[in-house]
Amino acid sequence: MPSTKKLSRSKLVKKLDAIFSQYIRLKNSVNEAATCFTCGKVDHWKKLQNGHFQSRKHYSTRWDEINCQVQCSGCNVFKYGEQYKFSVNLDAKYGQGTAEGLSIKAQQITKFSNFELEEMIKHYKSFVDSM
């Protein structure tokens, strides 16, 4: 019989982060290769990361598909996300004002219920499983 134990909020967030990261990297890959959004480095999607323009601490943009792009660890970790290059590339790809809009959205307080987190996990897992 399957366990009906509910995951804690922190475990749900961690699980959603993991599946969403896979989704972002897979969605932006071709033949399993993806390109860093800020420096252009090409590598296997599993060796790259899900970079955030606005920090993950902002729940309103944490799982926003435009706020999150593929990044190499050099840009994402060692160069602190290359936020300026990230903003320029966001505006180039999605239209002028995109970066500013995400900056404003990040300041909005958003609280997801555990149910909403579970639904997002299912949603992104279905995409990852189909890729």
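Our subject is the structure listed above.
Criteria and cut-off values
Along each chain, residues carry numbers from 1 onward, in the same order as the chain's sequence is written. Where local features are concerned, this predicted model is filtered to residues with pLDDT of at least 70; where side-chain atom pairs are given and counted, the filter is 80 or more; whole-chain, interface and lining totals use all residues. Heavy atoms throughout the structure, all of them, feed into the side-chain values; hydrogens and water do not. Within this scheme a cavity is a closed region of a 1 Å grid, computed over the protein atoms alone, that accommodates a 1.4 Å probe without allowing it to escape, whereas a pocket is open but has protein on both sides within 12 Å along at least five of seven lines; lining residues each have an atom within 4 Å of a point. Grid points are joined across faces, edges and corners, and a volume is the space filled by probe spheres set on the points. By definition, any uninterrupted DSSP run of H or I lasting at least four residues is a helix, any uninterrupted run of E lasting at least two residues is a strand, and each is numbered from the N terminus. Ten residue types, Ala, Val, Leu, Ile, Met, Phe, Trp, Tyr, Cys and Pro, are classed as nonpolar, four, Asp, Glu, Lys and Arg, as charged, and the remainder, Gly among them, as polar. Remark: exposure states derive from per-residue accessible area (1.4 Å probe, protein chains only) relative to the maximum for the residue type, with buried under 20%, exposed over 50%, and partly exposed in between. Expected helix span is computed as 1.5 Å times (number of residues minus one). Note: the arc covers the axis-to-C-beta directions of the helix. In this analysis, two residues are considered to be in contact whenever any of their non-hydrogen atoms come within 4.5 Å of each other. Aromatic pairs are defined between Phe, Tyr and Trp rings, using the six-membered ring for Trp, whenever the two ring centres lie within 6.5 Å; interplanar angles under 30 degrees are classed as stacked, those over 60 as edge-to-face, and all others as tilted. Over a ring means this: the NZ of a Lys or the CZ of an Arg is within 6 Å of the ring centre and within 35 degrees of the ring normal.

Chemist: So what exactly am I meant to see when it comes to the layout of surface pockets here?
Modeler: Any space left empty among the atoms is revealed by the rolling of a water-sized probe across them. Space inside the largest pocket adds up to approximately 190 Å³. Looking at the largest pocket, the residues that line it are Lys5, Lys6, Leu7, Leu12, Lys15, Glu118, Ile121 and Lys122. Breaking the lining of the largest pocket down by element, the ones donating at least two residues are α1 (9–27) and α6 (114–130). Looking at which element gives the most residues to the lining of the largest pocket, the answer is α6, with three residues. Considering only residue class, the lining of the largest pocket consists of three nonpolar, no polar and five charged.

Chemist: Could you clarify how one ought to interpret unusual backbone geometry in this entry?
Modeler: Residues other than glycine seldom take positive phi values, yet Asn31 does so here, at roughly 50 degrees. On the basis of relative accessibility, which here comes to 77%, the residue Asn31 falls in the exposed class. Phi is positive for Tyr80, which is not a glycine, with a value near 55 degrees. With respect to the helices and strands, Tyr80 occurs in the loop between α3 (73–78) and α4 (83–94).

Chemist: Is there a simple way to think about α6 in this case?
Modeler: The periodicity of an α-helix, 3.6 residues per turn, causes residues three or four places apart in sequence to face the same way. End to end, α6 covers 24 Å across 17 residues, agreeing with the expected 24 Å (1.5 Å per residue, within 8%). Taken together, the buried positions of α6 are occupied by Leu117, Met120, Ile121, Tyr124 and Val128. Projected down its long axis, α6 shows its buried positions confined to an angular sector of 105 degrees, all on one face. Those residues of α6 that are exposed and aimed more than 90 degrees away from the buried face are Phe115, Lys122, Asp129 and Ser130. In the core, the buried residues of α6 are packed alongside α1.

Chemist: Hey, could you run me through the packing of aromatic side chains in this one?
Modeler: Ring pairs (aromatic) are described by centroid distance and by the angle formed between their planes. All told, the structure shown has eight aromatic pairs when counted by the stated rule. Ring geometry for Phe37 and Phe86: centres 5.1 Å apart, planes at 55 degrees, overall tilted. One end of the pair, Phe37, is in the loop between β2 (33–35) and β3 (42–44); the other, Phe86, is in helix α4, with 49 residues separating them in the sequence. This pair shows no difference in class: Phe37 is buried, exactly as Phe86 is. Measuring from ring centre to ring centre gives 5.6 Å for Phe53 and Phe86, while their planes differ by 40 degrees; the resulting arrangement is tilted. Of this pair, Phe53 sits in the loop between β4 (49–52) and α2 (59–62) while Phe86 is found in helix α4, placing the two residues 33 residues apart along the sequence. With a relative accessible area of 0%, Phe86 lands in the buried category. Feature note: the residues Phe20, Tyr23, Tyr124 and Phe127 constitute an aromatic cluster, connected by ring pairs. A cation over a ring is seen here: Arg62 above Tyr59, with NZ or CZ 5.0 Å from the ring centre.

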